[in-house]
Amino acid sequence: MIDDLQLARAIREAALATTGVHSMGSGRYAEAATYGAGEKVSGVVVDPDEVRVHIVARYPLAEPLPALAERVRERVALRSEGRPTTIIVEDLEVEQNENL
Amino acid sequence: MRIFNRIIVVLLLAGLVALGIAAIFYAFDLAGYRLANVPRLLGLDGFAQSLSNFVGNVERGNLNPLDYLVLGAIALLGLILLFLELKPPSPRRVRMQDGTYITRSAVRDEVVAATERNPEVLQSDVDVNAQRRPGAKVDVTASVRRGEDTRRLQSEVRNSVQQHMGQVGVPVSNLNVRIAESDPRQTQTRVK
């Protein structure tokens, strides 16, 4: 049994390793993070009965957002200890080498 | 509604603070020991008298039509507030699928991009609302020059937004497009 902070770190790494994810979101109305002693993991909220993952998608999209969210969920599910996972796409970020 | 609730709670707490201060004055006999004197001390003698008369009339069942109207309005206001309080709040994020959401601002940015792709649109104003069911309610107002074919542009903007949102994968359950004829000097873009 790992603590929430370790879990959040692992989930964050898994989410960022997913192709199409630009970065982690930080929340819109309240900061989306998991807090521990002297440390916080932004973009992942670990609750006792749920895990929320806030992502910023890379633009242009290689696939529709629901498909990207589903891939993130699959990766994250392996590390979320069976808790239901909610994926929140906060924004789309244009790659620097794209002239859009 | 939450803001309204907050205002009500603030007023309630302010009233409790005022009552607490009045109780301290009363306890230390700073303004006399008769509560009946409080309205006079506060300069609310006339208001307290009319309120007392009104409550007395209610108790005796001696009401005029205006009193009935005021009581009816208070009851109706209470009913409306109760309904608004019981109504579940509208979601903040747009649901794409079960457990998958996108923020309204991200949807708005995509709709603006799709709308302004049309060279005749000088400016767009987009309002996105999340719903309890999957999909967003999107209201688009596209500003164009005077004399343009608004019906054709409305159709083009609608198709462009639907196509783009389909590619992105964000369901739009309700799309309203309005074309507004504007002076180019008052829009963000004058020439495209």
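How each quantity is defined
- Residues numbered from 1 in each chain as written.
- Chains lettered and ligands numbered in written order.
- Predicted model: local features only at pLDDT ≥ 70, side-chain atom pairs only at ≥ 80, totals over all residues.
- Heavy atoms only, no water.
- Helix = DSSP H or I, 4+ residues; strand = E, 2+ residues; numbered from the N terminus.
- Buried < 20%, exposed > 50% of the residue type's maximum accessible area, 1.4 Å probe, protein only.
- Contact = heavy atoms within 4.5 Å.
- Areas by Shrake-Rupley, 256 points an atom, 1.4 Å probe, with all protein chains shown as cover.
- Buried area = accessible area lost by both parts, 1.4 Å probe.
- Salt bridge = Lys/Arg side-chain N within 4 Å of Asp/Glu carboxyl O.
- Polar contact = N/O pair within 3.5 Å; in protein donor to acceptor, adjacent residues only side chain to side chain.
- Nonpolar A, V, L, I, M, F, W, Y, C, P; charged D, E, K, R; others polar.
- Core = buried A, V, L, I, M, F, W, Y, C linked by side-chain atoms within 4.5 Å.
- Pairing = 2+ DSSP bridges.
- Axes fitted to C-alpha atoms, helices over the stretch in contact; angles between N-to-C directions.

1. Topic: the overall build of chain A
When its secondary structure is counted, chain A shows 2 helices and 6 strands. Evaluated residue by residue, chain A yields a buried proportion of 44% over its 100 residues. In chain A, the proportion of contacts linking residues at least 24 apart, taken out of those at least 6 apart, comes to 68%. Element-wise, carbon and sulfur atoms account for 48% of the exposed surface of chain A, whose accessible area totals about 5300 Å².

2. Observations concerning the interface of chain A and chain B
Contacts between the two partners involve 19 residues from chain A, matched on the other side by 20 residues from chain B. Summed over both sides, the interface of chain A with chain B buries roughly 1500 Å², with 55% coming from carbon and sulfur. Viewed at the interface, chain B and chain A are joined by 0 salt bridges. Where chain A packs against chain B, one counts 9 residue pairs in polar contact (both at pLDDT 80 or more). The greatest single-element share of the side of chain A that touches chain B, amounting to 8 residues, is contributed by strand S6 (residues 85-94) of chain A. Classifying every residue of the side of chain A that touches chain B by side-chain character gives 11 nonpolar, 3 polar and 5 charged.

3. A few points about the nonpolar core
Counting 48 residues, the largest nonpolar core has Val53(A), Ile55(A), Leu65(A), Val72(A), Ile102(B) and Val107(B) as the members making the most contacts within it. In contact with Val107(B), other than residues within four places in its own chain, are Val94(B), Ile102(B), Val128(B), Ala136(B), Met165(B) and Val170(B).

4. Brief notes about the pattern of salt bridges
Evaluation of the coordinates by the stated rule reveals 13 salt bridges over all chains. Residue Lys40(A) pairs with Glu31(A) through a salt bridge whose shortest N-O separation is 2.5 Å. For Lys40(A), a relative accessible area of 42% puts it in the partly exposed group. Residue Arg152(B) pairs with Asp149(B) through a salt bridge whose shortest N-O separation is 4.0 Å. In this structure Asp149(B) comes out as partly exposed when scored by relative accessible area, which is 41%. Connected via shared salt-bridge partners are Glu120(B), Asp149(B), Arg152(B) and Glu156(B).

5. What to know about the sheet that holds strand S5 (residues 172-181) of chain B
Residue and element names in this part refer to chain B. The 3 strands lie next to each other as S3-S4-S5, forming an open sheet whose pairing is mixed. Single-partner strands in this sheet number two, and they are strand S3 (123-130) and S5. Between one strand axis and the next, the sheet turns by 15 degrees as a mean value, whatever way the strands run. Bridging between strand S4 (residues 136-144) and S5 involves 9 bridges; their strand directions are parallel. Paired with Ser 143 across the bridge in S5 is Ala 180.

Read these as layout, nothing more, since geometry by itself doesn't imply function.
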